[in-house]
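What the coordinates show
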Amino acid sequence: MDKARREGDGGPRGPVLHIVVVGFHHKKGCQVEFSYPPLIPGEGHDSHTLPEEWKYLPFLALPDGAHNYQEDTVFFHLPPRNGNGATVYGISCYRQIEAKALKVRQADITRETVQKSVCVLSKLPLYGLLQAKLQLITHAYFEEKDFSQISILKELYEHMNGSLGGTSLEGSQVYLGLSPRDLVLHFRHKVLILFKLILLEKKVLFYISPVNRLVGALMTVLSLFPGMIEHGLSDCSQYRPRKSMSEDSGLQENNLPADGFISGSAPDVSNTSLGTVMKIKAGNHGGDAALKTDQVEDNSKGQEPNNSSRYLKIPSRPSPESSESDWETLDPSVLEDPNLKERGQVESDQTNSFPKDSLLSDSPPITVQPQANTGQVVLIPGLISGLEEDQYGMPLAIFTKGYLCLPYMALQQHHLLSDVAVRGFVAGATNILFRQQKHLSDAIVEVEEALIQIHDPELRKLLSPTTADLRFSDYLVRHVTENRDDVFLDGTGWEGGDEWIRAQFAVYIHALLAATLQFDNEKMLSDYGTTFVTAWKNTHNYRVWNSNKHPALTEINPNHPFQGQYSMSDMKLRFSHSVQNSERGKKIGNVMVTTSRNVVQTGKAVGQSVGGAFSSAKTAMSSWLSTFTTSTPQSLPEPPNGKP
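Values in this document were obtained by computation on a predicted structure and should not be read as measured data. (Residues numbered from 1 in each chain as written. Predicted model: local features only at pLDDT ≥ 70, side-chain atom pairs only at ≥ 80, totals over all residues. Heavy atoms only, no water.)

Structural notes on the overall build of the protein chain
The helix and strand tally for the protein chain stands at 21 helices and 16 strands. Buried residues in the protein chain amount to 52% of all 644 residues. Look at the contacts in the protein chain between residues 6 or more apart in sequence, and 72% of them connect residues 24 or more apart. For the protein chain, the accessible area works out to roughly 29600 Å², and carbon and sulfur atoms hold 52% of it. (Helix = DSSP H or I, 4+ residues; strand = E, 2+ residues; numbered from the N terminus. Buried < 20%, exposed > 50% of the residue type's maximum accessible area, 1.4 Å probe, protein only. Contact = heavy atoms within 4.5 Å. Areas by Shrake-Rupley, 256 points an atom, 1.4 Å probe, with all protein chains shown as cover.)

Regarding helix α15 (residues 498-516)
Under the 1.5 Å per step criterion, the end-to-end length of α15 is 28 Å for 19 residues, consistent within 8% with the ideal 27 Å. For α15, the tally of buried residues reaches 18 of 19 residues, placing the bulk of the element in the interior. (Expected span 1.5 Å × (residues − 1).)

Quick notes on the sheet that holds strand β2 (residues 29-36)
Where strands meet in a sheet, backbone hydrogen bonds hold them as pairs that are either parallel or antiparallel. Overall, antiparallel pairing links the 5 strands, which are arranged β2-β1-β5-β4-β3 in an open sheet. Single-partner strands in this sheet number two, and they are β2 and β3 (71-78). Strand-to-strand twist in this sheet, taken as the mean axis angle between neighbours without regard to direction, amounts to 25°. (Pairing = 2+ DSSP bridges. Axes fitted to C-alpha atoms, helices over the stretch in contact; angles between N-to-C directions.)

Digging into the environment of glutamine 96
Tracing the chain through its elements places glutamine 96 in strand β4 (residues 88-98). Glutamine 96 sits in the buried class, given a relative accessible area of 9%. In the structure, glutamine 96 is positioned 30 residues away from alanine 66 in sequence and 8.8 Å away in space, judged by C-alpha atoms. Other than its neighbours up to four places away in sequence, glutamine 96 contacts Ala66, His67, Tyr69, Gln70, Thr113, Val114, Gln115 and Phe142. Within the structure, the side chain of glutamine 96 is placed 3.2 Å from the backbone oxygen of histidine 67, a separation counted as a polar contact. (Polar contact = N/O pair within 3.5 Å; in protein donor to acceptor, adjacent residues only side chain to side chain.)

What to know about the packing of helix α14 (residues 467-482) against α15
Orientation of α14 relative to α15, taken along the N-to-C sense of each, is 170°, at an axis distance of 11 Å. Between α14 and α15, the angle falls in the class roughly antiparallel. When α14 is examined against α15, the residues Asp469, Phe472, Tyr475, Leu476, His479 and Val480 are found in contact with a partner set consisting of Trp500, Ile501, Gln504, Phe505 and Tyr508. Here the residues of the contact of α14 with α15 are counted per class, giving 8 nonpolar, 2 polar and 1 charged. (Parallel < 35°, antiparallel > 145°, perpendicular 65-115°, else oblique. Nonpolar A, V, L, I, M, F, W, Y, C, P; charged D, E, K, R; others polar.)

Re the pattern of salt bridges
For the coordinates displayed, the defined rule picks out 11 salt bridges. Of the charged contacts in the structure, one is a salt bridge between arginine 213 and glutamate 448, with a shortest N-O distance of 2.8 Å. A residue pair is termed long-range when its members are at least 10 positions apart, and arginine 213 in helix α6 (residues 211-222) and glutamate 448 in the loop between β15 (443-446) and β16 (451-454) qualify at 235 residues. Residue arginine 213 is classed as partly exposed on the basis of its relative accessible area of 35%. Residue classification places glutamate 448 among the partly exposed residues on the basis of a relative accessible area of 42%. When the shortest N-O distance is used, the salt bridge between glutamate 446 and arginine 435 registers 3.3 Å. Of this pair, glutamate 446 sits in strand β15 while arginine 435 sits in helix α12 (residues 432-436), and the two are 11 residues apart along the sequence. Overall, the relative accessible area of 24% leaves arginine 435 in the partly exposed class. (Salt bridge = Lys/Arg side-chain N within 4 Å of Asp/Glu carboxyl O.)

Structural notes on the sheet that holds strand β13 (residues 403-406)
Strand order in this open sheet of 5 strands is β13-β14-β6-β15-β16, and the pairing throughout is mixed. Looking at which strands have only one partner, the edges of the open sheet turn out to be β13 and β16. Averaged over neighbouring strand pairs, the angle between their axes works out to 15° when direction is ignored. Across 4 bridges, the pairing between strand β6 (residues 204-207) and strand β14 (residues 424-429) is parallel. If you follow leucine 205 over to β14, its bridge partner there is alanine 427. Against the sheet, α6 makes contact with β6, β13 and β14, and its axis sits at roughly 150° relative to β14, the strand it touches most.

Remarks on the environment of asparagine 541
Position of asparagine 541 relative to the elements: it lies in helix α18 (residues 540-546). Residues asparagine 541 and leucine 200 lie 341 residues apart in sequence; the distance between their C-alpha atoms is 8.6 Å. Among all residues touching asparagine 541, those that are not within four sequence positions of it are Leu199, Glu201, Leu396, Ala397, Ile398 and Trp536. A distance of 3.0 Å separates a polar atom in the side chain of asparagine 541 from a polar atom in the side chain of tryptophan 536.

Examining the nonpolar core
Ranked by internal contacts, the top residues of the largest apolar core, which has 146 residues, are Leu121, Leu199, Phe206, Leu222, Leu233, Phe399 and Trp536. Element by element, the count of residues in this core is highest for α15, at 10 residues. Other than its neighbours up to four places away in sequence, tryptophan 536 contacts Leu199, Leu200, Leu396, Ile509, Leu512, Leu513, Thr516, Asn541 and Tyr542. (Core = buried A, V, L, I, M, F, W, Y, C linked by side-chain atoms within 4.5 Å.)

Observations regarding the confidence of the model for the protein chain
Chain-level statistics for the protein chain give a pLDDT mean of 73 and a share of 62% at 70 or above. Counted against residues more than four places away or in other chains, residues 1-12, with its pLDDT under 50, gives 15 contacts. Low pLDDT, under 50, characterises residues 624-644; the stretch is placed with 60 contacts to residues that sit more than four places away or in other chains. (pLDDT = per-residue confidence, 0-100.)

Considerations on the state of the cysteines
Defined simply, a disulfide is a covalent bond joining two cysteines at their sulfur atoms. All told, the structure shown has 0 disulfides when counted by the stated rule. You can see cysteine 119 has no disulfide; the closest cysteine sulfur is in cysteine 93, sitting 9.3 Å from it. Residue classification places cysteine 119 among the buried positions, given a relative accessible area of 0%. Free of any disulfide, cysteine 236 has its nearest cysteine sulfur in cysteine 405, 4.8 Å distant. (Disulfide = S-S within 2.5 Å.)

Focus on the environment of threonine 466
Tracing the backbone shows threonine 466 in the loop between α13 (457-462) and α14. Residue threonine 466 is classed as buried on the basis of its relative accessible area, which comes to 0%. Sequence separation of threonine 466 and aspartate 527 is 61 residues, and the distance between their C-alpha atoms is 6.1 Å.

Here's the deal with α14
In an α-helix there are 3.6 residues to a turn, and that puts residues three or four apart on one side. In this model, α14 (16 residues) spans 22 Å end to end at C-alpha, consistent with the 22 Å of a helix rising 1.5 Å per residue. Among the 16 residues that make up α14, 13 are buried, leaving the element largely enclosed by the rest of the structure.

A word on unusual backbone geometry
In this chain, tyrosine 36 is followed by proline 37 through a cis amide linkage whose omega measures -15°. By the secondary structure assignment, proline 37 is in the loop between β2 and α1 (57-61). The omega angle of the peptide bond from serine 209 to proline 210 is -5°, so this bond is cis rather than trans. Along the chain, proline 210 falls in the loop between β6 and α6. Phi is positive for lysine 401, close to 55°, though the residue is something other than glycine. Relative to the helices and strands, lysine 401 resides in the loop between β12 (388-389) and β13. The backbone of alanine 450 sits at a positive phi, close to 55°, despite the residue not being glycine. For alanine 450, the position within the fold is in the loop between β15 and β16. Take alanine 450: its relative accessible area is 8%, and that puts it in the buried class.

Quick look at the structure:
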């Protein structure tokens, strides 16, 4: 166990690593004022010194623009210390108080207000649970009106490690404060588009102020992925803090270009066989040997007869101590393992496990019914991903190998958006500079307006919802909105509740994965979007998932949960969706509102204003319908046989 995982006396820690107070100094800016235990072993509790890996901590804990709010909450991720271990999860509670209200006022307090944050650095992603405890202590700390009274912070450290020492990541407490119900109410049918964007490992930037709304929306979207919050973020913050220009140039010489992360075409990868080989590689520090797990891939197509294989190179977990980037190389020698030769037969058995007449079913849409949480979920370390996986291969290895999850990004981290070692990200920002530089992201999510700005027209087409997807989204929205006015039962029932929504997305992703394993699955995949599935199969997370066997998927129906024949209700649904999500559709809506207002005011449709409104409506409708009727087959897929 490394030093960051031990207390000063060498004893093992609980899940909480540090309690930290960050303040704003009128000359020095944001700085750490207190840490318990000290962030640097041997330093004092009031030391301002930071580990190199955590140099952005003050700017994350005390967010940009915090002076505009009396209080706020931040979720953030830090890289592991010394390149070892997993993501460090940060939860920060910010408050400000008038300087004249303090009982004890230090000499360096020269402003009218004092701004400070109390934050917890944890090994467990218990965002909401830690936030609830931290808010109470932060309130009490400020009520003391004497920031030298640090005993309450030490007691918080002991209390949290005592009460959370045996905490399991299984159960609803992991999702405390993350409400998919509120997300669906706000984004409605667009929630599935956000889900698919992340599946494709695109560069997605969330934007809103204050920070608590930002991180709440972003982490709630991630909670829709089975197992992601619990076990899928341990490798999501493997980045290098920016150093001097000379050191940066040295790093770039040792880094592969961005396209080194993914090589080879999708067909090549879909036919690969993977295994593992262990080798000992000497490190550059102290002569220690680091155990490396190398992935093995055999691209059988387009290879030379002399076994000179092309290697799929994926970046290993970088060590912040070193300027050298380590890379894992796929070694074809492992393909001689006789156990791997049986893989083809196993996959064939999986794909043939469904009778032909079950592929297109006349049964109603597949939905999840309430089931008791028995706590018997078996997790095993993923051979390739390194994540704790369930029997279906969940969570998907999305946030690995340079794909970052940063719920809140400080302006000082802006360079990460264009870092060659970062292949993608899901990040949140409150500074408008992030939003203005659109070329650094594939999509910007305006949380306040529930707007998803996708810059690439091809990506917009690829994410255009199919008819079955629209049915799925509409099913969620209808169930969530039915009983939203019940203040006593809101969000607590099964159907339409938070757990129910997560269960629906679990059914969706399980069925999608099962469909990719079937033979003659073109019609089946068209319900999910043929071009979307093709693009998804080329992502890192799908390749890792497809490299392992998942026998439990033989029990999953691979049909889209809402597959069925196209009907008039589907046309109404698509029309409604198009009106709400296109510029021409919005113009039609505005024109119709104007027309209705004039009719109400005059009692009859007369006059130039009304005539002008109808003429405008006709023009807008004609222009919009011309686009609607010439949409791609992706937008209006061929309906499968069967009833919804």
